[in-house]
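Notes for the structure review
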Amino acid sequence: MAEKSGFNKSIDELTAEIAQSRERLARDVRGLHYELDFPGKLRRSFRQQTVSWLTAAGAVGALIALAPMRKKKIYVDAKNSRKSKKKLVETGFALGMLKIAANLARPVIVEFVKNRLTDLGGQSRRKT
């Protein structure tokens, strides 16, 4: 059969029904807010079970610290190693010689640049 429509209800009944509906909705929203408050839940859990949390954190830290302690085996060809060492020594020697040459040439370069700048400065003054 058909339901009764709300036309026959009095204004007081409708107002009471609306108030109850609002209270139910507010209660549901508060419950949802409580359920979705993850930072609050973590704080409460940490306060209630501090030892468990610290033990778990220590275990995870130890696991992270000890996990990369495996030693990898690396096989190196002895012939290629000698060649790379020789190239490394040659490169180091060349860089050392370049540094010595640069240190010896620095005063000459500085003097050249200084003379060049003073010559250019004098020419610009003469033109004006």
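Every chain is numbered on its own, with residues counted from 1 as its sequence reads. Owing to the predicted nature of the model, reporting of local features is limited to residues with pLDDT of at least 70; listing and counting of side-chain atom pairs is limited to 80 or more, with chain, interface and lining totals taken over all residues. Excluded from the side-chain calculations are hydrogens and water; all other atoms, namely the structure's heavy atoms, are used.

With respect to the overall build of the chain
Under the scheme used here, helices are H or I runs from DSSP no shorter than 4 residues and strands are E runs no shorter than 2 residues, and both carry numbers assigned from the N terminus. Along the chain, the regular secondary structure elements total 4 helices and 0 strands. Reading the chain from its N end, one meets helices and strands in the order α-α-α-α. Think of it in three bands: with a 1.4 Å probe and only protein chains considered, a residue is buried below 20% of the maximum accessible area for its type, exposed above 50%, and partly exposed in between. Burial statistics for the chain: of 128 residues in total, 2% are counted as buried. If you sum the accessible surface of the chain, you get close to 12,900 Å²; carbon and sulfur atoms cover 64% of it. Methods summary: accessible areas were calculated by the Shrake-Rupley approach with a probe of 1.4 Å, and residue burial reflects only the protein chains presented.

Digging into the packing of helix 2 (residues 38–48) against helix 3 (residues 50–66)
Each axis is a line fitted through C-alpha atoms, and for a helix only the stretch in contact is used; angles between axes span 0 to 180 degrees, taken between their N-to-C directions. At a closest axis distance of 5 Å, the pairing of helix 2 and helix 3 adopts a crossing angle of 100°. Classified by the angle their axes make, helix 2 and helix 3 are roughly perpendicular. On helix 3, the residues touching Leu42, Ser45, Phe46, Arg47 and Gln48 of helix 2 are Thr50, Trp53 and Leu54. A per-class count over the contact of helix 2 with helix 3 returns 4 nonpolar, 3 polar and 1 charged. Our angle categories are set so that under 35 degrees counts as roughly parallel, over 145 as roughly antiparallel, 65 to 115 as roughly perpendicular, and the remainder as oblique. Whether two residues are in contact is decided by their heavy atoms: any pair within 4.5 Å suffices. Amino acids are sorted into nonpolar (Ala, Val, Leu, Ile, Met, Phe, Trp, Tyr, Cys and Pro), charged (Asp, Glu, Lys and Arg) and polar (every other residue, Gly among them).

Some details on the pattern of salt bridges
Should a side-chain nitrogen of Lys or Arg be within 4 Å of a carboxyl oxygen of Asp or Glu, the pair is scored as a salt bridge. With the rule as written, the count across this model stands at 2 salt bridges. With its nearest N and O atoms 2.9 Å apart, the salt bridge here joins Glu17 to Lys9. With relative accessibility at 41%, the residue Glu17 sits in the partly exposed group. Across the pair Lys41 and Glu35 runs a salt bridge whose closest N-O atoms are separated by 3.5 Å. Residue Glu35 is classed as partly exposed on the basis of its relative accessible area of 45%.

A look at a nonpolar patch on the surface
Here a patch means residues that are over 30% exposed by relative accessible area and free of salt bridges, tied together within 9 Å if like-charged and within 5 Å if nonpolar (Val, Leu, Ile, Met, Phe, Trp, Tyr). Judged by side-chain polarity, Ile109, Phe112, Val113, Leu117 and Leu120 come together as a nonpolar surface patch covering roughly 520 Å² of accessible area. Mapped onto the secondary structure, Leu120 falls in helix 4 (residues 78–127).

Focus on the confidence of the model for the chain
The share of residues in the chain with pLDDT of 70 or more is 83%, and the mean pLDDT across the chain is 83. Element-level mean pLDDT values for the chain span from 80 in helix 4 up to 93 in helix 1 (residues 11–35). Per-residue confidence from the prediction method is given by pLDDT, with values spanning 0 to 100.

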